[in-house]
Structure formats: structure tokens, C-alpha cells
Amino acid sequence: MEYRLRLAKRMLFNKKGSLIGAVLAVTIGILVIHVNFVIFQGLFDAIVRDISNYRNGDILVTDEADYIDKSDLALANWFERIPFVQGATPRLSSSAEINMTKNGKLIEETRVPVVGVDPYRDVKASTAHETVAEGTYILNRNSVVLGNNVASDLGNAQVGESLKMLIVDRYGEDQVRRFTVAGIVKSPGGQGLDYSVVMHIDTLRDMMAREGESGSFMVKLNDPTKAFEVKEFFLAAYPNDDFIAETIEESAEEQLAGFRSGIAMINLIGYFGMMSSAFAIVTIQMMLVNGKTREIGVMRSIGAKRKDILIIFIFQGMIIGAIGAGVGTAAGLGYTIYAKETKMSFMNSIPLEVNYNWEKIIQTALLSFTLAIIASLYPSYRATKLLPVEAMRTV
Amino acid sequence: MTKIYGIGENQVKALDDATFSIGQGEFVLIVGSSGSGKSTLLNMIGLLDRPTKGKVFIDGIDTTKLDDNKISSFRNKKLGFIFQFSNLLTDLTVLENVLLPRQIGGTNGSSEKDARELLKSVGLESQLNKRANKISGGQAQRVAIARGLINHPSVVLADEPTGNLDSVTSGIIIQLMKSMAKKLNQTFIIVTHEPEHFGDVDKIITIKDGRALEGNHLREEEIIA
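Residues numbered from 1 in each chain as written. Chains lettered and ligands numbered in written order. Predicted model: local features only at pLDDT ≥ 70, side-chain atom pairs only at ≥ 80, totals over all residues.

A. Structural detail: the overall build of chain A. Scanning chain A from terminus to terminus reveals 13 helices and 12 strands. The C-alpha atoms of chain A give a radius of gyration of 31 Å, which is well past the 21 Å a tight globule of 395 residues would have. The dimensions of chain A, computed from C-alpha atoms along their principal axes, are 100 × 55 × 30 Å. The buried share among the 395 residues of chain A stands at 45%. (Helix = DSSP H or I, 4+ residues; strand = E, 2+ residues; numbered from the N terminus. Rg over C-alpha atoms; globule rule 2.2 N^0.38 Å. Buried ≥ 20, exposed ≤ 12 C-beta atoms within 10 Å, placed from the backbone.)

Below, the structure is given as C-alpha cells:
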């Protein structure tokens, strides 16, 4: 083994306290980045997942003219012959005024969002039906499913109770119908349909006087990475229509923009943490250099050049960086695996979407390794400045 | 050469135009009372420090003209050091300590064989793989001698090499240095305050008031001091 590396290693390993301290500093720096990533990127991805699963799919098709007049069958069949497509379903949205009598008391809720779904197609393209906490999903044209919050606002509406719903149609006429509550949906994190009323799309079309029309088409893919490809293919297939097709990143951009800035800020805090660990390495290595003044003097007196001393202490930085990066990455991965396996949730609410971002994991390890080397430069330089005769006086 | 420490009113003249020459293969003692400048002189000869005025010639080379890198190489190849407290690197084994000057100089070749032979000649063949802090003071000083000789230096400099040892061990170390000097025809320059322990030597240089005088010019009480 190269003598400078051997000396660097021995000097470091014989000062176990300093070694552990320095390695811990790097490890904590990396761990902070990993924990931030798991929690905040996991939260971001969870919100994207839920928006995709409950509302927008991987591709959301709308029309410049507000409503899509192409038949559900035509569009759904077109999408579903593409192998990447899991399902495609129409959606229609409006808002309603709801009246419900509970214990002889009339409860009225206005401007409640209403989502019309095709129960047959929706289960293939969305997981909204999996959020049913009580009762069932849409049974027939006369039943509705209430979001948990809507049910609560209606005085804890129960499955089987009836309610009256008023929707203003496209001509400005009030359309009133009575519905039975088939189920109540509740999603962790509230990204689902908790604030809406879900009904059969044909019923909503009737009430809105929008026969055969849809507000949007939600397309779910087997492989979400193909979203852009499918979207472009779709737009190319319908060049003369005024369709707008957006991937989840595009359709949810408004909702996610603020969150992206938050993640950038959190990452920045993580990197500041890593910088702090670099300062800790500087301090610990300065202590190591001060503790090895006599050895430096001896080596200089028997012919070691300043360059040799510099290399010995930079090797120490590399050893600290390598061990710290290894331990930190292992600890970070351990935390990530734990978060994934236990389906960790944010504040006991939305389950985090934990992914292994290998590029970021390797990037973080390399960055901390590099920072440890950079941090060792100043102590190493100071070591080279020791004059042999001065160093020997410390005996 | 002259060496002045400090500036202005705080100036201290450690060496005052100390001039002398030492021949190849001579065994030389430098004596002087405490604080007389013996170690300062040895540091100048060993190129660990530079004189304020004057020059140090070794093997006909004006060492004061060498830059830091060349001085390091010169120290590695031409000079051997033996310190009072042996100054071994405690992170290394006995063998690794002896090998260190060779490795620093970048000349490996038969290094390990040479180091083993040297350690055998100082009677430490059984201690090769012991950590340097696990051997006795006398053994450590013998390792230091082996380390000082591994690169076959022209000049071996020793600063109070027996100052930290009992009289029996001191005697062994002195005999070892003398036999090595004779065997390898190397110049030994030894700073000591116990010249009488060395017996016959080629030359004694006395440092008095910063000046170098040939011969032992110390009075009994000055030696003790």
C-alpha cells in the first residue's frame, strides 16, 4: 500500500473519536438529504399519485370549447387499443345545491362540486371507487356517493338516506332531483373526492342538458412514463378537433407549482446541512493536524516534502468522505426502505409515495465525498505550512 | 554561520559566526552548556532551519541555495537524523518506521531486505512488526538509528541520542553508533552534554557564546549545566 495512504489510514484509525465524529458529520449530512427526500418528495409524489388516480389520470383530455362532444365509446375505444392504456373514462363536473332533512331539520349546502362518472369505465381508469368508506360506489342513475366532508356538512349524512339536489342546466333552468346516498368516500390526505358529490355521468348530463357531452376524459396508463408519447399520438390522431391533452405534470402544474418551490427550499436546507458537516470535518481535521504536529516535523526532517504531507491529510479527507458517504447512504437507504415497507404516511394522513431515485442517491454520496475532500484541503494546507524545526519543538 | 532569533530589541543571537569543517567519516561531538546553541547548530547542519547569515556546505553543495523541495530531497538522501526521544511514528510498526525514509525518497527496490538487515544489526529482528509505541526507550532509539541509516546518508545527525536513556542502554547505543560509523564510513555529528561517555572521538566542537571552538573547552560545571 502507498505509504502516504497507509499513514493517513493509521493516523485516522488510531484516533477513533475523531474518525467517528467526522464520519458521523458526513453521515448526518447525507441522512438529512435522504429523510427530506423521502418525506417531501414522497409527499409531492403522493399528491401527484392521488391527483392522477382520482381526478386527472396520467393524461387528461379536455376541449377548447369546454365540453367534449365526441362519444364516450369512440374515445374510450381509441385509447384502450393502445397497449400502454389501462383505461379511459369520461368525467363531467358541475356544482349543486343540496337539501337534506335530518331529524326534522332542513340542512342546505350550496355550491357543492359534483362529479359525473361512468361507473363501468371509471373503475378501470381511476381508484376513486377504492376510497368508499361506507356503502358502495355508484349503483344506478338515482344514487350518489358523498364525499366525507360533504356528508359531514349535511349533518352526518348516512348511506341509504335521501337528498334533493339542484343543478342549473345550460339554459339557466333549475333541475331538481332526489337521490339516495349509496356510499361515502374518504381518502387519506383529502386529495380524492372528499369535498364532492359523485353521481352517474348520464344523470348529470340530463340535469345539465348536455346530452352525450363530457367535461374531460381521464386516461390511466400501465406505464406512466409513456404519457407524453400517448398524448402526442392522440393529438396527432385528432388534428382537426380542438382537444387539449395534458400529462399529469401539465394538468396539475398549478396545484404543484408552490409545492415544487417548497421542495427546492427543503433541498437547499439539506445541502446547507451538508455544508455544516463539511465545517465539522474542517474542525476535526484541524484537531488531527494539531495532534500530529510532531509526526509532521519528523516526516519533514527525514525528507517528506510539503506535497507529501498535503497528500496524507487529503487521503484522510478521502477516507472520511468514503466511509461517511457509505454509512450515510446505507443509513439513508435503510430509512427509505423502512418508509416504503411501512407505507409511511405524512402526519398520519397521506401515504407517502416512496421511490428509490438512484441518480439522486449516487449524486448525494458523490457530493458528500467531494465536500469531505474539499473540507480537508485547508487543514492539509495548514499541515504543510509547519516548519520541521517548529514542529519538532512540540516534543 | 550566524543565527538570530526575534526582531528589534528582542533579538537573541543563538550562533555568532560559528565556523568549522568536518571531514568524511569523522565521528564528531558538539558540546556546550545548556542554551549555548548546540541544537540550533545541529538544526542548521540538518537543514531544518536556515542561518540568518552564512552558509552550510555538505558534500561541496551550498545548501543555503536550495529551495524547499530540494532541501527535502537532500535531507532524505544525504542526511540521517537521530533524535533524543527517538521520534518514531507511533502509528507505524518498527519495520515501517525504518522503511519510511526509503518510501519518502521513492526508492523501494531492496528496501525491506535492507531494513530487516539494519534492524538485525541493531538487535531488533524479533520486534519488526511491533507498533513503535510498544517497545522500550532503548529499543526505540535503536530503531531510530536504523531509520537514520537506511538511506546510507553522508552525514548522520544525532541530538542528545542518549539523553533519555539509562547508562547501560546509553553505552550500548554509543557503541552501536560508533560501530556503524566505522562500518559504513559515515560522518556522525552528535550533540551531547556527556562527551565523556563517548570515549575517543575524531573531533569535539565546543559551542560557547554562539561561537564554535575546536576541542572540549567546557569546564566541569558547564558540562553538568
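B. Structural context of the domain arrangement of chain A. All names here are of chain A. Here the domain parsing of chain A yields domain 1 (3-50 + 256-392) and domain 2 (65-241). Taking only C-alpha atoms, the centre of domain 1 and the centre of domain 2 are 51 Å apart. Elements supplying a minimum of two residues to the side of domain 1 that touches domain 2: helix 2 (16-56) and strand 12 (350-351). (Domains from an automatic or database assignment.)

C. Here's a closer look at the nonpolar core. A:I281, B:I30, B:V98, B:L119, B:V143, B:A146 and B:L157 are the most contacted members of the largest nonpolar core, which totals 108 residues. Here this core takes 14 residues from helix 2 of chain A, the largest share from any one element. In contact with B:L157, other than residues within four places in its own chain, are B:L42, B:I45, B:G46, B:L79, B:G80, B:F81 and B:I189. Counting 34 residues, the second-largest nonpolar core is a separate cluster that includes A:A128, A:I138, A:V150 and A:I201. (Core = buried A, V, L, I, M, F, W, Y, C linked by C-beta atoms within 7 Å. Contact = placed C-beta atoms within 7 Å.)

D. Region of the structure containing the packing of helix 5 (residues 137-149) of chain B against helix 6 (residues 167-184) of chain B. Residues and elements named next belong to chain B. At a closest axis distance of 10 Å, the pairing of helix 5 and helix 6 adopts a crossing angle of 15°. Comparing their axes, helix 6 and helix 5 come out roughly parallel. Where helix 5 crosses over helix 6, the two elements pack in a sense that is right-handed. Residue-level contacts link G138, Q141, R142, I145 and L149 of helix 5 to T169, I172, I173, L176, M177, M180 and L184 of helix 6. Residues of the contact of helix 5 with helix 6, tallied by class, amount to 8 nonpolar, 3 polar and 1 charged. (Axes fitted to C-alpha atoms, helices over the stretch in contact; angles between N-to-C directions. Parallel < 35°, antiparallel > 145°, perpendicular 65-115°, else oblique. Left-handed = near helix turned anticlockwise from the far one by under 90°. Nonpolar A, V, L, I, M, F, W, Y, C, P; charged D, E, K, R; others polar.)

E. Quick look at the interface of chain A and chain B. Contacts between the two partners involve 18 residues from chain A, matched on the other side by 21 residues from chain B. Of all elements in the fold, only helix 1 (3-13), helix 10 (293-301), helix 11 (306-341) and helix 13 (388-392) of chain A reach the threshold of two or more residues within the side of chain A that touches chain B. Per-class residue counts for the side of chain A that touches chain B are 9 nonpolar, 3 polar and 6 charged.

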